[in-house]
Amino acid sequence: MFGVHFLSATNGMTQTIVFPKAEVINEYTIRIPFKLVDHLIVIEAEISNKKGNFIIDTGSETLILNKVHFPEFYEHQRKQSNASGVLQSVESSYEKYIKEFALEHFKIYNKVSDVIDLSHIEHAKKIQLLGVIGYNILKDYEIFIDLYLNQITLSKVDAFGEKWDKNVYLEKIIDSLDFKLKNHTIVINGTVNDQNITFGLDTAAEFNQINKSINKKVLQQFKPIKRLLLSGAASDKKIEVLAGKLYRVKLSETVYFGPMYTVITNLNKMNEAFGTDLDGILGYAFFEQKRTIINYQKKKLYFINYPFN
């Protein structure tokens, strides 16, 4: 059984997050199975004798705990900045300082978690949600997100991004791609219909998104299918978006995609919250086509073929 431990800064008591289904490969590497709730990657975990779900969200800057299930943690100063990621922008968030967050043999010090009301996501997805695991936890690992086997592999890396475990993958890495890190956001340059476009990569984006104000030559490669009503990120408010398929997405001479399910929406508020200037977001549809490894320290994505490729 795989456990995560942290010491409460307010009461001095040690809390434990347990991942009961994790497979510990060695002292540097673990594999955690996940389920897809709609298009969200969700792992099972237990904390303070409460068992539930955590979303894996590279778009979130911090570890987030759900105020609904941890009201005792919700007694701290209001944050000056807003939360991001699957929540995009949530004003009523509070911070909890975590002195120690340990993954088995790996210890992470001086982390901050957000404590936020996530009840709107629980209601929308019909799941109990304990929280969200974001960038400040994931960045110390090489992360293999595998939608073929429905599992995440975490392998500890050093300050240069080199894995301590040199024999993590049985599969062969067939390609790679550089990215930039803007705050905590993975930013990738690519093209659509030979037009330059800047994407953010987000494991908790249920749909790929492109900004409605994007170049018309890009929109020529968008084939609308229907209109959807989606819940807003921070509330139950519904917004209408145009959904369809986006063609001719290319990230390098060798990394390109088949048609990807995409929605057209306004990304201005998201860019303001993230401190970015993105034309689009790549989410579930990206990982559905590419078995992807993220290395934050090297600022690299690596790709492994699906068996049928």
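Further up the page is the structure itself.
Since the model is a prediction, treat every value here as computed from it, not as a measurement. (Residues numbered from 1 in each chain as written. Predicted model: local features only at pLDDT ≥ 70, side-chain atom pairs only at ≥ 80, totals over all residues. Heavy atoms only, no water.)

A.B. asks: Could you clarify how one ought to interpret the overall build of the protein in this entry?
C.D. replies: Within the protein, the regular secondary structure consists of five helices and 25 strands. Per-residue burial over the protein gives 55% buried out of 309 residues. The contacts of the protein with a sequence gap of at least 6 include a subset with a gap of at least 24, amounting to 62%. Of the roughly 14,300 Å² that the protein leaves accessible, carbon and sulfur atoms contribute 47%. (Helix = DSSP H or I, 4+ residues; strand = E, 2+ residues; numbered from the N terminus. Buried < 20%, exposed > 50% of the residue type's maximum accessible area, 1.4 Å probe, protein only. Contact = heavy atoms within 4.5 Å. Areas by Shrake-Rupley, 256 points an atom, 1.4 Å probe, with all protein chains shown as cover.)

A.B. asks: Explain the sheet that holds strand β25 (residues 300–304) here, please?
C.D. replies: Sheets are built from strands that pair by backbone hydrogen bonding, the pairs being arranged parallel or antiparallel. Pairing within the open sheet is antiparallel, and its seven strands lie in the order β3-β4-β13-β12-β24-β25-β14. Since the sheet does not close on itself, it has two edges, and those belong to β3 (23–24) and β14 (173–178), each with one partner. Note: β14 against β25, five bridges, orientation antiparallel. Pairing of Asp175 across the sheet is with Phe303, part of β25. (Pairing = 2+ DSSP bridges.)

A.B. asks: What's the story with the packing of aromatic side chains in this structure? I'm lost.
C.D. replies: The description of two aromatic rings rests on the distance between their centres and on the angle between their planes. A full pass over the atoms with the stated rule returns nine aromatic pairs. On the basis of an interplanar angle of 75° and a centroid distance of 5.1 Å, the ring pair of Tyr135 and Tyr296 is categorised as edge-to-face. Highlighted residues: Tyr135 in helix α2 (residues 135–138) and Tyr296 in the loop between β24 (291–295) and β25, separated in sequence by 161 residues. Each member of the pair, Tyr135 together with Tyr296, is buried. (Phe/Tyr/Trp six-rings, centres within 6.5 Å; stacked < 30°, edge-to-face > 60°.)

A.B. asks: Before we go on, may I ask you to explain the nonpolar core in this structure?
C.D. replies: Across soluble globular proteins, you tend to see nonpolar side chains buried next to one another. Residues Ile143, Leu251, Phe286 and Leu301 are the most contacted members of the largest nonpolar core, which totals 52 residues. Contact partners of Leu301, with chain neighbours within four places excluded, come to Asp175, Ser176, Leu177, Phe179, Ile188, Leu201, Phe286, Thr292, Ile293 and Ile294. Core analysis: the second largest hydrophobic core is formed by 12 residues, Leu40, Ile64, Ile121 and Val132 among them. (Core = buried A, V, L, I, M, F, W, Y, C linked by side-chain atoms within 4.5 Å.)

A.B. asks: Could you clarify how one ought to interpret the pairing of strand β22 (residues 260–265) in this entry?
C.D. replies: When a strand is regular, its side chains alternate between the sheet's two faces. Burial runs high along β22: five of the six residues are buried. When strand β18 (residues 208–211) meets β22, the two strands line up parallel, connected through four bridges. Residue pairing for β22: Gln209 is matched across the bridge by Val263. When strand β20 (residues 238–246) meets β22, the two strands line up antiparallel, connected through five bridges. When the sheet's bridge partners are listed, Leu246 is paired in β22 with Met260.

A.B. asks: Hey, could you run me through the pattern of salt bridges in this one?
C.D. replies: Once their charged atoms are close, side chains differing in charge can pair, the charge on each being opposite to the other. Inspection of the entire model under this criterion finds 12 salt bridges. Close ionic contact of Lys125 with Glu206 constitutes a salt bridge, the shortest N to O distance being 2.8 Å. Remark: Glu206 occurs in the loop between β17 (195–201) and β18 and Lys125 occurs in helix α1 (residues 119–125); sequence separation between them is 81 residues. Linked by salt bridges that have partners in common, Asp38, Lys125 and Glu206 make up one network. (Salt bridge = Lys/Arg side-chain N within 4 Å of Asp/Glu carboxyl O.)

A.B. asks: Please clarify how the pairing of β24 should be interpreted in this entry.
C.D. replies: Of all five residues that make up β24, five are buried, and the element is covered over most of its length. On β24, burial covers both faces: Arg291, Ile293 and Asn295 on one face and Thr292 and Ile294 on the other are all buried. Relative to β24, strand β12 (residues 141–146) is paired through four bridges, and the arrangement is antiparallel. Bridged to Glu142 within β24 is Asn295. Two successive antiparallel strands, β24 and β25, enclose a turn made up of four residues, where Lys299 displays a positive phi of approximately 55°.

These results come straight from atomic positions and should not be treated as a statement about function.
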